[in-house]
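# Summary of the model geometry
Listed below are the residues making up each chain.
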Amino acid sequence: MQEALALSGVSVAYRDELVLERIDAHIPVASMCAIVGPNGAGKSTLIKAALGLVPLVAGRVTVLGGTMAQRRAQVGYVPQRESVDWEFPISALDVVLMGSYGRLGLLGRPGRTERTQAMECLEQVGLVAMADRQISQLSGGQQQRIFLARALMQRAQLYLMDEPFAGVDAVTESAIMQVLDALRRRGCTIVAVHHDLSTVRECFDHVLLLNKRLIAAGPVATAFTGDAIHRTYGGRLTVLPDAAYESRTASAGD
Amino acid sequence: MIDPSIPPEPWLSNDDLWTMATAVLASVACGLVGCWLVLRRLSLLGDAISHAVLPGIAGAFLLTGTRDVLPMLTGATVIGIATAFISSALGRFGRVDRDAALGVTFTSLFALGVVMMSLAARQVDLDPGCVLYGLLEFVPFDTVDLLGVQVPRAGAWLGGALVIDVILMMAFFKELRATSFDPAHAATLGLRVGLVHLGLMAAVAANTVVAFEAVGSILVVAMLVAPGATARLWTDRLVPMLWLASAIAVSTAIVGYLAALELNTSAAGMIATMSMVGYLGSAGIVSARGALRRSASRASAVLTMPQPRSDRL
């Protein structure tokens with residue numbers, strides 16, 4: 001099976017502290033992989049390390065059979081919504097157009113073709129009506145979908161997303177899910193940091209359980225076990241899958 | 001009685017017009033570059049660089065013994081980029097936050113510059129005061145021949161700087177915009193985020209140096225930040241913001257210069273004061289307008305139906 005993303009022995013440090021330790025993970029093409037783990041587990045760092053945004057202390061990242069630098073055009077990134085200044089004077093359409101900047105070259109600028117494409121991307125996320133709005137006028141869920149549209153504009157093969165469902169309502173969540181499903185049907189790979197353990201089974205087919213080290217990885221059916229989740233979250237377990245309601249209420253006491 | 005044979009002295013002499021044109025060019029050049037500092041929330045870094053270029057200028061004096069612009073420009077640009085480097089390195093490794101790192105960097109470089117400046121003043125005809133406050137009033141006495149017209153040397157340099165600023169800004173608009181809005185995403189697209197940042201810092205340093213002779217290294221800060229910050233209050237669009245900032249830069253320079261003539265005071269000081277008046281006035285009007293709009297929408301919400309929220313609070 002061809003791998004969309006392969007991490008071998010990846011370690012990342014901030015100052016003197018290791019935040020990711022020897023991560024080995026292999027994510028197959030056309031899979032939909034959730035990265036789960038407690039706060040501070042290094043989930044965002046893993047995404048950034050894969051993208052080359054943070055330096056590796058050790059290890060290697062392979063993207064679609066090449067290095068990140070070689071495959072840049074085939075990788076789309078959806079950062080955390082909080083990572084940018086939403087007061088920035090720019091319209092929703094212009095944010096989406098940024099997805100084309102990589103292929104435009106040094107002095108190129110987006111033209112009519114790119115505008116049409118950007119409107120199509122806005123249509124996919126249901127925000128055509130918001131094209132001319134300044135981005136601070138959008139709701140949190142709409143801002144999240146604008147980031148998704150910008151990634152769609154990149155026409156990538158692999159999408160790395162940092163909490164695409166954070167702070168969105170149920171309607172937005174299903175709208176985003178539909179877009180991701182359509183991408184996967186086209187053979188794209190999606191890797192997303194995900195917080196809601198209860199939806200991992202229905203939304204994803206692969207999972208990567210992370211707490212500074214890799215706890216478990218693989219198809220949801222085999223890797224996403226109660227034992228692995230417990231080892232990932234330790235005593236701070238808050239939500240269990242499999243509707244294990246009794247054990248959740250029991251552990252909520254501590 | 002007025003003697004009709006003597007023509008009345010015009011309100012604005014030729015020298016006044018040249019000086020005003022120079023002030024306008026300085027204001028627009030700095031204001032346009034400053035817009036990007038405002039957008040990147042790096043206004044303090046602009047302040048820091050405009051102070052920190054002083055040792056670069058003084059170093060160029062000491063080394064060359066002349067007041068030529070080119071060595072000063074080189075020295076100051078090098079130091080300007082160094083400031084950006086030093087402050088980010090201190091912020092990263094020194095376990096202090098960015099503001100403190102900047103505060104330490106620019107005050108100590110500025111102090112070093114003052115010391116070097118007073119050393120240089122013994123060798124070269126150089127007044128440290130003119131570097132700090134500028135000598136806008138003396139601009140017309142130092143001219144160069146440009147296509148047969150005697151234009152102020154400072155004005156010619158500033159005009160050149162403005163043309164270069166505009167060309168670079170148009171050529172790299174996409175890069176500037178993407179790296180200002182979302183640098184991490186821009187990096188994943190393959191845009192050279194670090195290079196754009198350094199280029200911007202170099203531009204700030206270069207414009208500061210070219211403008212400092214006219215308006216001084218301290219007042220140049222007002223020209224860097226005020227037009228962009230004021231324009232940002234009025235518009236939510238980037239390109240209109242750049243145009244508006246230019247218009248604000250032009251008008252504060254003109255109004256400030258005329259006010260200084262009327263009151264017979266420092267032109268550079270008056271222009272900086274006018275920038276502040278423009279900013280505070282705009283902030284007052286815009287926030288009053290916003291409050292009015294909010295209370296109006298609240299009133300209509302009470303009168304009609306619960307509305308979807310129209311603004312982010």
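The following refers to the structure shown. (Residues numbered from 1 in each chain as written. Chains lettered and ligands numbered in written order. Predicted model: local features only at pLDDT ≥ 70, side-chain atom pairs only at ≥ 80, totals over all residues. Heavy atoms only, no water.)

## Quick notes on the overall build of chain B
- Of the regular secondary structure elements, chain B holds 12 helices and two strands.
- Starting at the N terminus and walking to the C terminus, you meet the elements of chain B as α-α-α-α-α-β-β-α-α-α-α-α-α-α.
- Expressed as a percentage of contacts within chain B between residues at least 6 apart in sequence, the contacts between residues at least 24 apart total 72%.
- Accessible surface for chain B amounts to roughly 15200 Å². Of this, 70% is attributable to carbon and sulfur atoms. (Helix = DSSP H or I, 4+ residues; strand = E, 2+ residues; numbered from the N terminus. Contact = heavy atoms within 4.5 Å. Areas by Shrake-Rupley, 256 points an atom, 1.4 Å probe, with all protein chains shown as cover.)

## A word on the interface of chain B and chain A
- At the junction of the two partners, chain B supplies 29 residues and chain A supplies 40 residues.
- Between chain B and chain A the total buried area reaches about 3000 Å² when both faces are included, carbon and sulfur atoms providing 55% of it.
- In this assembly, chain B and chain A are joined by three salt bridges.
- The shortest N-O distance in the salt bridge between A:Asp85 and B:Arg41 comes to 3.1 Å.
- Counting across the interface, chain B meets chain A through 12 residue pairs in polar contact (both at pLDDT 80 or more).
- Of the residues forming the side of chain B that touches chain A, the biggest block, six residues, is contributed by helix 7 (residues 173-181) of chain B.
- Of the residues assigned to the side of chain B that touches chain A, the class counts are 12 nonpolar, five polar and 12 charged. (Buried area = accessible area lost by both parts, 1.4 Å probe. Salt bridge = Lys/Arg side-chain N within 4 Å of Asp/Glu carboxyl O. Polar contact = N/O pair within 3.5 Å; in protein donor to acceptor, adjacent residues only side chain to side chain. Nonpolar A, V, L, I, M, F, W, Y, C, P; charged D, E, K, R; others polar.)

## Brief notes about the sheet that holds strand 4 (residues 58-63) of chain A
Residues and elements named next belong to chain A.
- An order of 2-1-4 is seen for the three strands of this open sheet, with the pairing classed as antiparallel. Two strands in the sheet have a free side with no partner beyond their single neighbour: strand 2 (17-28) and strand 4. Neighbouring strand axes in the sheet, compared pairwise and without regard to direction, differ in orientation by 15° on average.
- Direction of pairing for strand 1 (residues 3-14) relative to strand 4: antiparallel, over a ladder of five bridges. Bridge pairing links Leu 5 to Val 63 in strand 4.
- Contacting strand 1, strand 2 and strand 4, helix 1 (residues 43-51) crosses the sheet at an angle of about 115° to strand 1. (Pairing = 2+ DSSP bridges. Axes fitted to C-alpha atoms, helices over the stretch in contact; angles between N-to-C directions.)

## Remarks on the pattern of salt bridges
- Tallying each qualifying case throughout the model produces 10 salt bridges over all chains.
- For A:Asp205, the salt bridge identified is with A:Arg184, shortest N-O distance 2.8 Å. In this pair, A:Asp205 sits in the loop between helix 8 (200-203) and strand 8 (206-211) while A:Arg184 sits in helix 7 (residues 170-185), placing the two residues 21 residues apart along the sequence.
- Residue A:Asp205 is classed as partly exposed on the basis of its relative accessible area, which comes to 26%.
- When its relative accessible area of 22% is taken as the criterion, A:Arg184 is described as partly exposed.
- The partner of B:Lys174 in a salt bridge is B:Glu175, and the shortest N-O contact between them spans 3.1 Å.
- Looking at B:Lys174, the relative accessible area reads 4%, which means it is buried.
- Each of the salt bridges in this network shares a partner with another, and the network as a whole consists of A:Asp181, A:Arg184 and A:Asp205. (Buried < 20%, exposed > 50% of the residue type's maximum accessible area, 1.4 Å probe, protein only.)

## Examining the state of the cysteines
Residues and elements named next belong to chain A.
- All chains considered together, the criterion is met by zero disulfides over all chains.
- Unpaired in this structure, Cys 121 has its nearest cysteine sulfur neighbour in Cys 188, at a distance of 12 Å.
- Judged by relative accessible area, Cys 121 falls into the buried class, the value being 6%.
- Summary of cysteine pairing: Cys 203 is not part of a disulfide, and the nearest cysteine sulfur, belonging to Cys 33, is at 13 Å.
- Residue Cys 203 is classed as buried on the basis of its relative accessible area of 9%. (Disulfide = S-S within 2.5 Å.)

## Describing the environment of A:Leu97
All names here are of chain A.
- One can find Leu 97 in helix 3 (residues 92-97).
- We classify Leu 97 as buried; its relative accessible area is 2%.
- Expressed as a C-alpha distance, the spacing of Leu 97 and Leu 20, which sit 77 residues apart in the sequence, is 34 Å.
- With sequence-adjacent residues up to four places away left out, Leu 97 is seen in contact with Pro 110, Glu 114, Arg 115, Ala 118 and Met 153.

## Re the sheet that holds strand 9 (residues 213-219) of chain A
Residues and elements named next belong to chain A.
- Spatial strand order, 5-6-7-3-8-9: six strands in an open sheet with mixed pairing. The open sheet terminates on both sides in strands that have one partner only, identified here as strand 5 (75-78) and strand 9. Here the average twist between neighbouring strands, direction ignored, is 15°.
- Sheet topology note: the strand 6 (residues 158-161)/strand 7 (residues 189-193) ladder contains four bridges and is parallel. Note that in strand 7 the partner of Met 161 across the bridge is Ala 192.
- Across the sheet, helix 10 (residues 226-233) lies against strand 3 (32-36), strand 8 and strand 9, angled at about 30° from strand 8, the strand it touches most.

## Overview of the environment of B:Ser266
All names here are of chain B.
- Residue placement: Ser 266 occurs in the loop between helix 11 (238-263) and helix 12 (267-303).
- Ser 266 sits in the partly exposed class, given a relative accessible area of 38%.
- Sequence-wise, Ser 266 and Ser 251 are 15 residues apart; in three dimensions their C-alpha atoms are separated by 17 Å.
- With sequence-adjacent residues up to four places away left out, Ser 266 is seen in contact with Glu 137 and Ala 260.
- A polar atom in the side chain of Ser 266 sits 3.0 Å from the backbone nitrogen of Gly 269.

## Comments concerning the packing of aromatic side chains
- As enumerated under the stated definition, the model contains four aromatic pairs over all chains in all.
- Measuring from ring centre to ring centre gives 5.5 Å for A:Phe88 and B:Phe181, while their planes differ by 55°; the resulting arrangement is tilted. One end of the pair, A:Phe88, is in the loop between strand 5 and helix 3; the other, B:Phe181, is in helix 7, on a second chain.
- For B:Phe181, a relative accessible area of 3% translates into the label buried.
- An aromatic cluster of three or more residues is present, and its members are A:Trp86, A:Phe88, A:Phe147 and B:Phe181. (Phe/Tyr/Trp six-rings, centres within 6.5 Å; stacked < 30°, edge-to-face > 60°.)

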